[in-house]
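Residue strings, one per chain:
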Amino acid sequence: NWRVMDEVYKTGPTARLITNYAAGFSRLGFVAMQDPDQTDEAIRLYTLALKFAPDYGPALNGLVAIYAARLLQPQMALPFAERLVESQPELTEAWVRYGGVHLMIAEGYARQNRNDEAKPHFDEAVEAYEYVLGREPERLDVYAALMTAYQYLGYADRVNNLMEMWRMYGPGDTAGGAPTQ
(Lines give C-alpha, C1' and ligand atoms only; values in the text may rest on other atoms or scores of the structure.)
Protein backbone atom coordinates (compact mmCIF):
# COMPACT_ATOMS: atom_id res chain seq x y z
CA ASN A 1 0.00 0.00 0.00
CA TRP A 2 1.10 3.52 -0.82
CA ARG A 3 1.10 5.93 2.05
CA VAL A 4 0.34 9.59 1.62
CA MET A 5 3.64 11.22 0.69
CA ASP A 6 3.31 13.80 3.45
CA GLU A 7 3.57 10.95 5.96
CA VAL A 8 6.90 9.78 4.58
CA TYR A 9 10.00 11.13 6.27
CA LYS A 10 11.78 12.78 3.35
CA THR A 11 15.56 12.60 3.70
CA GLY A 12 18.38 11.45 1.47
CA PRO A 13 17.35 8.94 -1.20
CA THR A 14 13.65 9.23 -0.38
CA ALA A 15 13.67 12.99 -1.00
CA ARG A 16 15.44 12.51 -4.33
CA LEU A 17 12.99 9.80 -5.35
CA ILE A 18 10.02 12.04 -4.54
CA THR A 19 11.53 14.89 -6.56
CA ASN A 20 12.12 12.50 -9.46
CA TYR A 21 8.45 11.48 -9.41
CA ALA A 22 7.42 15.13 -9.32
CA ALA A 23 9.74 15.91 -12.22
CA GLY A 24 8.42 12.97 -14.22
CA PHE A 25 4.76 13.85 -13.78
CA SER A 26 5.54 17.51 -14.44
CA ARG A 27 7.33 16.64 -17.69
CA LEU A 28 4.36 14.53 -18.78
CA GLY A 29 2.10 17.46 -17.90
CA PHE A 30 4.21 19.74 -20.07
CA VAL A 31 3.97 17.30 -23.00
CA ALA A 32 0.19 17.02 -22.56
CA MET A 33 -0.11 20.80 -22.33
CA GLN A 34 1.22 21.15 -25.88
CA ASP A 35 -2.04 19.70 -27.22
CA PRO A 36 -5.05 21.93 -26.44
CA ASP A 37 -7.24 18.82 -26.40
CA GLN A 38 -5.14 17.41 -23.55
CA THR A 39 -5.57 20.32 -21.12
CA ASP A 40 -7.44 18.24 -18.55
CA GLU A 41 -4.75 15.56 -18.70
CA ALA A 42 -2.04 18.19 -18.25
CA ILE A 43 -3.83 19.54 -15.18
CA ARG A 44 -4.12 16.01 -13.78
CA LEU A 45 -0.42 15.29 -14.33
CA TYR A 46 0.76 18.59 -12.86
CA THR A 47 -1.51 17.99 -9.86
CA LEU A 48 0.04 14.54 -9.39
CA ALA A 49 3.50 16.12 -9.46
CA LEU A 50 2.43 18.49 -6.68
CA LYS A 51 1.26 15.56 -4.56
CA PHE A 52 4.86 14.36 -4.51
CA ALA A 53 6.45 17.80 -4.14
CA PRO A 54 3.91 20.55 -3.25
CA ASP A 55 6.31 23.37 -4.15
CA TYR A 56 7.70 21.91 -7.37
CA GLY A 57 8.22 24.98 -9.55
CA PRO A 58 7.72 23.50 -13.02
CA ALA A 59 4.36 21.97 -12.01
CA LEU A 60 3.20 25.21 -10.37
CA ASN A 61 4.32 27.18 -13.40
CA GLY A 62 2.50 24.78 -15.73
CA LEU A 63 -0.75 25.17 -13.81
CA VAL A 64 -0.39 28.96 -13.83
CA ALA A 65 0.10 28.85 -17.60
CA ILE A 66 -2.88 26.56 -18.18
CA TYR A 67 -5.32 28.44 -15.98
CA ALA A 68 -4.21 31.99 -16.82
CA ALA A 69 -3.15 31.80 -20.46
CA ARG A 70 -5.01 28.85 -21.96
CA LEU A 71 -8.26 28.79 -19.98
CA LEU A 72 -8.28 32.53 -19.18
CA GLN A 73 -9.18 31.79 -15.56
CA PRO A 74 -6.64 33.87 -13.62
CA GLN A 75 -8.54 33.38 -10.35
CA MET A 76 -7.82 29.64 -10.66
CA ALA A 77 -4.16 30.38 -11.45
CA LEU A 78 -3.67 32.69 -8.47
CA PRO A 79 -3.10 30.06 -5.73
CA PHE A 80 -0.46 28.38 -7.89
CA ALA A 81 1.23 31.71 -8.66
CA GLU A 82 1.27 32.52 -4.94
CA ARG A 83 2.84 29.16 -4.12
CA LEU A 84 5.38 29.69 -6.89
CA VAL A 85 6.67 32.98 -5.42
CA GLU A 86 6.53 31.58 -1.88
CA SER A 87 8.60 28.55 -2.82
CA GLN A 88 11.00 30.30 -5.23
CA PRO A 89 11.11 33.99 -4.28
CA GLU A 90 14.59 34.38 -5.75
CA LEU A 91 13.34 33.64 -9.29
CA THR A 92 12.23 36.75 -11.13
CA GLU A 93 10.24 34.58 -13.55
CA ALA A 94 8.04 33.51 -10.62
CA TRP A 95 7.35 37.18 -9.89
CA VAL A 96 6.54 37.84 -13.56
CA ARG A 97 3.95 35.05 -13.46
CA TYR A 98 2.55 36.30 -10.16
CA GLY A 99 2.29 39.87 -11.47
CA GLY A 100 0.69 38.67 -14.69
CA VAL A 101 -2.03 36.74 -12.90
CA HIS A 102 -2.83 39.72 -10.68
CA LEU A 103 -2.87 42.03 -13.69
CA MET A 104 -5.31 39.75 -15.53
CA ILE A 105 -7.61 39.65 -12.51
CA ALA A 106 -7.38 43.43 -12.06
CA GLU A 107 -8.14 44.16 -15.71
CA GLY A 108 -11.14 41.83 -15.58
CA TYR A 109 -12.55 43.68 -12.58
CA ALA A 110 -11.76 47.07 -14.16
CA ARG A 111 -13.66 46.12 -17.35
CA GLN A 112 -16.67 45.39 -15.13
CA ASN A 113 -16.26 48.74 -13.32
CA ARG A 114 -15.45 46.85 -10.10
CA ASN A 115 -12.59 49.21 -9.33
CA ASP A 116 -12.51 48.56 -5.59
CA GLU A 117 -11.88 44.88 -6.30
CA ALA A 118 -9.40 45.67 -9.10
CA LYS A 119 -7.14 47.97 -7.08
CA PRO A 120 -5.50 45.41 -4.75
CA HIS A 121 -4.69 43.24 -7.75
CA PHE A 122 -3.18 46.18 -9.62
CA ASP A 123 -1.17 46.94 -6.48
CA GLU A 124 0.12 43.35 -6.32
CA ALA A 125 1.02 43.43 -10.02
CA VAL A 126 2.92 46.70 -9.53
CA GLU A 127 4.82 45.31 -6.56
CA ALA A 128 5.78 42.17 -8.49
CA TYR A 129 6.84 43.99 -11.65
CA GLU A 130 8.79 46.65 -9.76
CA TYR A 131 10.61 43.86 -7.94
CA VAL A 132 11.52 42.24 -11.26
CA LEU A 133 12.74 45.47 -12.84
CA GLY A 134 14.69 46.30 -9.70
CA ARG A 135 16.65 43.09 -10.20
CA GLU A 136 16.58 42.82 -14.01
CA PRO A 137 15.89 46.22 -15.59
CA GLU A 138 16.61 44.75 -19.03
CA ARG A 139 13.42 42.59 -18.83
CA LEU A 140 11.64 44.39 -21.64
CA ASP A 141 8.64 42.05 -21.42
CA VAL A 142 7.68 43.59 -18.06
CA TYR A 143 7.52 47.27 -19.05
CA ALA A 144 4.22 47.19 -20.93
CA ALA A 145 2.47 45.26 -18.15
CA LEU A 146 3.77 47.61 -15.47
CA MET A 147 2.79 50.61 -17.61
CA THR A 148 -0.76 49.24 -17.83
CA ALA A 149 -1.01 48.90 -14.06
CA TYR A 150 0.44 52.38 -13.48
CA GLN A 151 -2.06 53.90 -15.91
CA TYR A 152 -5.05 52.20 -14.29
CA LEU A 153 -3.86 53.39 -10.88
CA GLY A 154 -3.32 56.95 -12.14
CA TYR A 155 0.41 57.01 -11.37
CA ALA A 156 1.42 59.63 -13.94
CA ASP A 157 4.80 60.32 -12.29
CA ARG A 158 5.66 56.64 -12.29
CA VAL A 159 4.55 56.31 -15.92
CA ASN A 160 7.01 59.05 -16.92
CA ASN A 161 9.86 57.48 -14.93
CA LEU A 162 9.11 54.07 -16.39
CA MET A 163 9.10 55.51 -19.93
CA GLU A 164 12.58 56.91 -19.36
CA MET A 165 13.85 53.63 -17.96
CA TRP A 166 12.26 51.74 -20.87
CA ARG A 167 13.98 54.03 -23.36
CA MET A 168 17.31 53.42 -21.62
CA TYR A 169 17.08 49.62 -21.53
CA GLY A 170 15.14 49.04 -24.74
CA PRO A 171 15.61 51.98 -27.08
CA GLY A 172 14.62 49.98 -30.16
CA ASP A 173 11.90 47.92 -28.50
CA THR A 174 9.03 49.03 -30.73
CA ALA A 175 7.50 45.52 -30.66
CA GLY A 176 7.10 45.76 -26.90
CA GLY A 177 5.75 49.28 -27.15
CA ALA A 178 8.75 51.24 -25.92
CA PRO A 179 8.78 54.73 -27.34
CA THR A 180 11.57 55.43 -29.79
CA GLN A 181 13.75 58.50 -29.60
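Structure report, in brief. (Residues numbered from 1 in each chain as written. Predicted model: local features only at pLDDT ≥ 70, side-chain atom pairs only at ≥ 80, totals over all residues. Heavy atoms only, no water.)

Counting its regular elements, the chain contains eight helices and zero strands. Beginning at the N terminus, the succession of helices and strands in the chain can be written as α-α-α-α-α-α-α-α. Here the chain holds 181 residues, and the buried ones make up 41% of them. Of the contacts made within the chain by residues no fewer than 6 positions apart, 48% connect residues no fewer than 24 positions apart. Accessible area for the chain stands at about 10,200 Å²; split by element, carbon and sulfur atoms hold 53% of it. (Helix = DSSP H or I, 4+ residues; strand = E, 2+ residues; numbered from the N terminus. Buried < 20%, exposed > 50% of the residue type's maximum accessible area, 1.4 Å probe, protein only. Contact = heavy atoms within 4.5 Å. Areas by Shrake-Rupley, 256 points an atom, 1.4 Å probe, with all protein chains shown as cover.)

This part takes up the nonpolar core. Among soluble globular proteins, nonpolar side chains are generally buried collectively. Counting residues in hydrophobic clusters, the biggest one holds 54 residues, and the most contacted among them are Val 101 and Phe 122. Contributions of two or more residues to this core are made by helix 1 (12-33), helix 2 (39-52), helix 3 (57-70), helix 4 (74-87), helix 5 (92-111), helix 6 (115-135), helix 7 (140-153) and helix 8 (156-169). By residue number, the principal contributor to this core is helix 5, which donates 10 residues. (Core = buried A, V, L, I, M, F, W, Y, C linked by side-chain atoms within 4.5 Å.)

Here we take up the pattern of salt bridges. According to the stated counting rule, one finds nine salt bridges in the structure shown. With a shortest N-O distance of 2.7 Å, Glu 164 and Arg 167 are connected by a salt bridge. Residue Glu 164 and its partner Arg 167 are both found in helix 8; the two are separated by three residues, about one turn of the helix. Owing to a relative accessible area of 21%, Arg 167 belongs among the partly exposed residues under this scheme. (Salt bridge = Lys/Arg side-chain N within 4 Å of Asp/Glu carboxyl O.)

This brings us to the packing of helix 3 against helix 4. To describe two helices that pack against each other, one gives the angle between their axes and the distance between the axes. Packing of helix 3 against helix 4 brings their axes to within 8 Å, and their N-to-C directions diverge by 155°. When the axes of helix 3 and helix 4 are compared, the pair comes out roughly antiparallel. Helix-helix and strand crossings are classified by hand; for helix 3 and helix 4 the assignment is left-handed. Taken together, the residues of helix 4 that come into contact with helix 3 (itself represented by Gly 57, Leu 60, Asn 61, Leu 63, Val 64, Tyr 67 and Ala 68) are Pro 74, Met 76, Ala 77, Phe 80, Ala 81, Arg 83, Leu 84 and Ser 87. (Axes fitted to C-alpha atoms, helices over the stretch in contact; angles between N-to-C directions. Parallel < 35°, antiparallel > 145°, perpendicular 65-115°, else oblique. Left-handed = near helix turned anticlockwise from the far one by under 90°.)

Helix length check: helix 2, at 14 residues, gives a terminal C-alpha distance of 20 Å against a target of 20 Å (1.5 Å per residue), a fit within 8%. Where helix 2 is concerned, the buried positions are Thr 39, Ala 42, Ile 43, Leu 45, Tyr 46, Ala 49, Leu 50 and Phe 52. (Expected span 1.5 Å × (residues − 1).)

Moving on, we come to helix 3. Between the first and last C-alpha of helix 3 there are 19 Å, a value that for 14 residues agrees with the 20 Å anticipated at 1.5 Å per step. For helix 3, the set of buried residues is Gly 57, Ala 59, Leu 60, Gly 62, Leu 63, Val 64, Ile 66, Tyr 67 and Ala 68. Backbone geometry just after helix 3 places Leu 72 at a positive phi near 55°.

This paragraph deals with the packing of aromatic side chains. Using the criterion set out here, one finds eight aromatic pairs in the structure. Relative to Phe 52, the ring of Phe 25 has its centre 5.7 Å away and its plane inclined at 15°; by these criteria the two rings are stacked. Remark: Phe 52 occurs in helix 2 and Phe 25 occurs in helix 1; sequence separation between them is 27 residues. According to the relative accessible area criterion, Phe 25 is partly exposed, its value standing at 23%. What makes Phe 52 buried here is its relative accessible area of 12%. Judged by centre distance (5.0 Å) and plane angle (50°), the rings of Trp 95 and Tyr 131 are tilted. (Phe/Tyr/Trp six-rings, centres within 6.5 Å; stacked < 30°, edge-to-face > 60°.)

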